[in-house]
Amino acid sequence: MTGHGTPDRIAEAAARTAAEESARVVSTLIRMTGDFALAEDCLQDALTKALRDWPKTGVPNNPGAWITTVAKNRAIDLLRRASAESRAVQRLAREPAETQRELDNGDERDAVVADDRLTLIFTCCHPALTMDARVALTLRTVAGLTTAEIAHAFLVAEPTMEKRLVRTRARIRNTGIPYRVPSPDRMRERRDGVLAVLYLLFTAGYGAATGQSVLRRPLLDDAIRLTRLLVELMPDDPEARGLLALMLLQHARSTARVDSAGELVTLEQQDRGQWDAAATSEGLALLSRRPPRAGRYELQAHIAACHATATDAEHTDFARIVLLYDELCVVAPSPVVELNRAVAVAMSQGAAVGLALVDGLAARGALSGHHLLPATRADLLRRLGRLREAAREYESARQLAPTEAERRYLDRRLAEVAE
Amino acid sequence: MEYMFFVCTDATAPAYDPADDDIEVWVAEVENRSGVHYGNRLRPPSDATTVKVRDGELGVTAGPFTETAEWIAGYDVIDCADLDEAIEIASRHPMARYGQIEIRPAWPFD
């Protein structure tokens, strides 16, 4: 025992343990009981017991093992009491010795449970669940967040989130979504579905880093933690590694994106000394070399790596970035990708060439109503010295911008060209 | 688990290509599996009849002739281990290519 500690320290240790051990404990219990709610309840009961016992006994040396043991014992207890017709009991009745041995055996868990956590992730991110449901269940079950924490992050009332989770677990049971890693021929599609959930979590948290919603900021860390786990479980998957690299390289820049006054700072003007060097090098290390056919996250990570390795904006390899965007336009075409490609073309081949591409997008009606289109046109017109046209575009971008920070940034730009 | 496949038309799907229609292959595959299988195609909604009883009065009407672009063109009832297996089987049905298939689990009375 490490001593009695303050209530704050104990609560913190319990929360940390929940975050670290949740996927392990819950995935094992779900495999053995087939019951999401039961598994989550057992973990919650164990955490509650920890908060009650640890102030008296002290935080155990290995809080994770403690929580795991208590949760498993609770599951055995509940299953023994469960009614005879329940599926879990039938399963226990079929293979009592084996199940009991697994429940009892904490030491073999890395061998057995690594697969379970992967199974859990794939089940929570099943395509037959809505995106909202996948996100909520992944945060609850794999990341071990409380319902209240998830509700706060997504700005909904706690009972609403609770209802969503209850419905999602019911849907898994009622529609027969299996608790299984997908077959090899479906793996690529299913993996993409998992990565989409993790990236959505990341962007929700990353957007929050600009200050509109402090509550969502922890999602950033959760997204990185979960993606790290996925990479650990699928070490040979280049897209999982690509996504983790992308997250780390973007995250490395997050503090430099906002200045001390809370104003947005563009990539070009960021103080690169503020970038998180450890996160950058971890991200770069995941991307040692590029296979001939990279996926969307890997390509985006390589683009981020071009910025991360440049000493300043001027010395960025924009020609390479254009080539990467060319590939991205094939793998994951979207108007936003084309717009970003146009900016890279402007940086490597001149603002006029980039502007022609942006005008082409606008003529197709792509991105109409999106502030990024006039904001990008404005920027390129400014570089070309066409200040009056630039001012008009900054003005339209300002009207479409979704956040206060972006409106203030565009105001500053507008003032510059109006001088 | 028992699943019902509603084989539906889809106005946005590619045009039906008789040369690509391998429904016999699909049926043979499904018939070779163990467990229940029963299915058929359905006459169009113009041949539908609707029955209601209100206050003991029987009401029979032709139709409904609603202006829906999507309608049920056939059905299959199939035993599957789980939803993933049902999705695999549905994905090989030719109407998955020129229409869409809605999978609904049966809800047995316990």
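Within each chain, residue numbers correspond to sequence positions counted from 1 in written order. Think of it this way: whatever chain is written first is A, whatever ligand is written first is 1, and the rest follow in order. Local features in this predicted model are restricted to residues of pLDDT 70 or higher, and side-chain atom pairs are both shown and tallied only at a pLDDT of 80 or more, whereas totals for entire chains, interfaces and linings draw on every residue. Note that the side-chain values use all heavy atoms of the structure and ignore hydrogens as well as water.

Some details on a nonpolar patch on the surface
Two distance rules govern patches: like charges are joined within 9 Å, and nonpolar side chains (Val, Leu, Ile, Met, Phe, Trp, Tyr) within 5 Å, applied only to residues with over 30% relative accessible area and no salt bridge. All accessibility values rest on the Shrake-Rupley procedure with a 1.4 Å probe; residue burial counts only the protein chains present in the view. The salt bridge definition used is simple: a Lys or Arg side-chain nitrogen within 4 Å of an Asp or Glu carboxyl oxygen. A surface patch of nonpolar side chains, about 390 Å² in accessible area, is lined by Val 51, Val 53, Leu 58 and Val 60 of chain B. For helices the rule is a DSSP run of H or I covering at least 4 residues; for strands it is a run of E covering at least 2, with both sets numbered from the N terminus onward. Counting through the fold element by element, Val 51 of chain B comes out in strand 3 (residues 49-54).

Comments concerning the confidence of the model for chain A
As a general rule, the predicted coordinates of low-pLDDT regions are not to be interpreted in detail. All names here are of chain A. Looking at chain A, pLDDT values average 85 and 87% of them are 70 or higher. Confidence per residue, as judged by the predictor, is encoded in pLDDT with a range of 0 to 100. Mean pLDDT values over the elements of chain A span from 46, in helix 4 (residues 87-94), up to 96, in helix 17 (residues 351-363). Note on residues 92-97: pLDDT is under 50 here. Beyond four places in sequence and across chains, it has two contacts. Here residues 106-114 is modelled with pLDDT under 50, and outside its nearest four sequence neighbours on either side it reaches twelve contacts, counting other chains as well. Should any heavy atoms of two residues lie within 4.5 Å, those residues are counted as being in contact.

Here we look at the side chain of Arg 253 of chain A
All names here are of chain A. Turning to its location among the elements, Arg 253 is positioned in the loop between helix 12 (238-252) and helix 13 (277-285). Buried, partly exposed and exposed residues are distinguished by accessible area as a fraction of the type maximum, computed with a 1.4 Å probe on protein chains only: under 20%, between the cut-offs, and over 50%, respectively. Just so you know, the count uses Lys and Arg for positive and Asp and Glu for negative, and it drops His and the chain ends. Asp 276 is the oppositely charged side chain nearest to the buried, salt-bridge-free Arg 253, at an N-O distance of 12 Å. Not counting residues up to four positions away in its chain, the partners in contact with Arg 253 are Leu 267, Gln 270, Trp 275, Ala 304 and His 307.

Details of the domain arrangement of chain A
Residues and elements named next belong to chain A. Here chain A is described as being made up of domain 1 (1-104) and domain 2 (107-175 + 188-234). Between domain 1 and domain 2, the residue contacts involve 19 residues of the former and 20 residues of the latter. Here's the idea: put two parts together, see how much 1.4 Å probe accessible area each one loses, and the total over both is what we call buried area. When the two sides are added together, the surface that domain 1 and domain 2 hide from each other amounts to roughly 1600 Å², 53% of it contributed by carbon and sulfur. Considering only the side of domain 1, the residues that lose the most area to domain 2 are Arg 24, Phe 36 and Glu 40, jointly responsible for 38% of the buried surface there. For Arg 31, the salt bridge goes to Asp 116, with nearest N and O atoms at 2.6 Å. Polar contacts, as used here, are pairs of N or O atoms within 3.5 Å; protein pairs need one atom able to donate a hydrogen and one able to accept it. Residues neighboring in sequence count only if both atoms are side-chain atoms. Inspection of the region where domain 1 meets domain 2 yields five residue pairs in polar contact (both at pLDDT 80 or more). Take the side of domain 1 that touches domain 2: its biggest share by element is twelve residues, from helix 1 (residues 7-33). Asp, Glu, Lys and Arg are counted as charged, while Ala, Val, Leu, Ile, Met, Phe, Trp, Tyr, Cys and Pro are counted as nonpolar; the rest, among them Gly, fall into the polar class. Here the residues of the side of domain 1 that touches domain 2 are counted per class, giving seven nonpolar, five polar and seven charged. Domains are outlined according to an automatic or database domain assignment.

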